[in-house]
Amino acid sequence: MITSGKGGVGKTTTAAAFAAGLARAGHRTAVVDFDVGLRNLDLIMGCERRVVFDFVNVIQGEAKLHQALIKDKRVDGLFILPASQTRDKEALTDEGVEQVLNALREEFDYVICDSPAGIERGAHLAAYYADEAVVVANPEVSSVRDSDRVLGLLASRTRRAERNEEPVREHLLLSRYDPARVERGEMLSVEDVREILAIDLLGVIPESQAVLNASNAGIPVILEEEADAGQAYADVVARFLGEDRPHRFLTAERKGIFERMFGG
């Protein structure tokens, strides 16, 4: 699952980029939108006009899973299961979610669940069946504090916790990171956040106009290979798959004397 304590931190952007990166690496991947009532994933994936059936239609037996899955046109092996925009979160039943996820497990190498922010029902259901969790946070106190609440949910209210199995594996992804603001004391540093949350750092995504541009164009930002954010998400996927890559975009660029004099 891709989760966060508060909204607006880049969770759905991360879900889209992460799923596209896994599929591009050769893994058959489905990404599921659990945010019933809002439904943003299909917009960021650029397939909103192709939505006919959704997650809730499948749960309620109004459509088969293969009817609701949308095949991505840019990346082979990538499929999207959109959320409903017209139902409320109570339409997600425990039994229905489990059946859909079990069916997806049989067909795909990875199933990415784009969880709603916080700890309400949709987030709980996405967390309950998770094997691994990417916790997305901005480097600010309120975001990190709310992420700590989500870590409490992952430790105590999942199927793995109930069965006393290996806990959900947790990864930290810091988004909208601006090293210059960190240096000025306006943002928490990577070290500050890691000290508070005490989970492994999967990656740092720099504050970047490319993220907004890609979202508006309906393109997962990882496919924008020239953009710093696209490169950072590529590093994240590579690390998740076991590759050893150094963390980038952690220090502020130093301006030369002429840039400082003339505002370049």
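Going by the structure above, here's the rest.
In this report, we go over the structure that sits alongside the text. (Residues numbered from 1 in each chain as written. Predicted model: local features only at pLDDT ≥ 70, side-chain atom pairs only at ≥ 80, totals over all residues. Heavy atoms only, no water.)

1. Focus on unusual backbone geometry
Even without a glycine there, the phi angle at Asn164 is positive, about 55°. Tracing the backbone shows Asn164 in the loop between α8 (159-162) and β7 (169-177). We note that Arg176 has phi near 55°; this positive angle belongs to a residue other than glycine. (Helix = DSSP H or I, 4+ residues; strand = E, 2+ residues; numbered from the N terminus.)

2. So, helix α7 (residues 141-156)
Structural remark: α-helix, 3.6 residues per turn; residues separated by three or four positions point the same way. Along its 16 residues, α7 runs 23 Å from first to last C-alpha, staying within 8% of the 22 Å computed at 1.5 Å per residue. Every buried residue of α7 is accounted for by Ser143, Val144, Asp146, Ser147, Val150, Leu151, Leu153 and Leu154. The arc that holds every buried residue of α7, seen down its axis, measures 165°, which confines them to one face. Among the exposed residues of α7, those pointing more than 90 degrees away from its buried face are Val141, Arg145, Arg149 and Ala155. (Expected span 1.5 Å × (residues − 1). Buried < 20%, exposed > 50% of the residue type's maximum accessible area, 1.4 Å probe, protein only. Arc of directions from axis to C-beta.)

3. What about the pattern of salt bridges?
Two side chains carrying opposite charge are able to pair once their charged atoms lie near each other. Considering all chains together, one arrives at 19 salt bridges under this definition. Asp131 is paired through a salt bridge with Arg160; the nearest N and O atoms lie 2.9 Å apart. On the criterion of sequence distance, the pair formed by Asp131 in the loop between α6 (121-128) and β6 (132-137) and Arg160 in helix α8 is long-range, its members being 29 residues apart. Here Arg160 falls in the partly exposed class, since its relative accessible area comes to 21%. Taking the shortest distance from any N to any O, the salt bridge between Glu243 and Arg245 comes out at 2.8 Å. Arg245 gets classed as partly exposed once you look at its relative accessible area, which sits at 30%. Through salt bridges with shared partners, one network takes in Asp235, Glu243, Arg245 and Arg248. (Salt bridge = Lys/Arg side-chain N within 4 Å of Asp/Glu carboxyl O.)

4. Section: the environment of Gly5
Locating Gly5 in the fold gives a position in the loop between β1 (2-3) and α1 (11-24). The sequence separation of Gly5 and Gly118 amounts to 113 residues, and the corresponding C-alpha distance is 4.6 Å. Setting aside its immediate chain neighbours within four residues, Gly5 contacts Ala117, Gly118, Asp146, Ser147 and Val150. (Contact = heavy atoms within 4.5 Å.)

What is shown is where atoms sit, not what they do.
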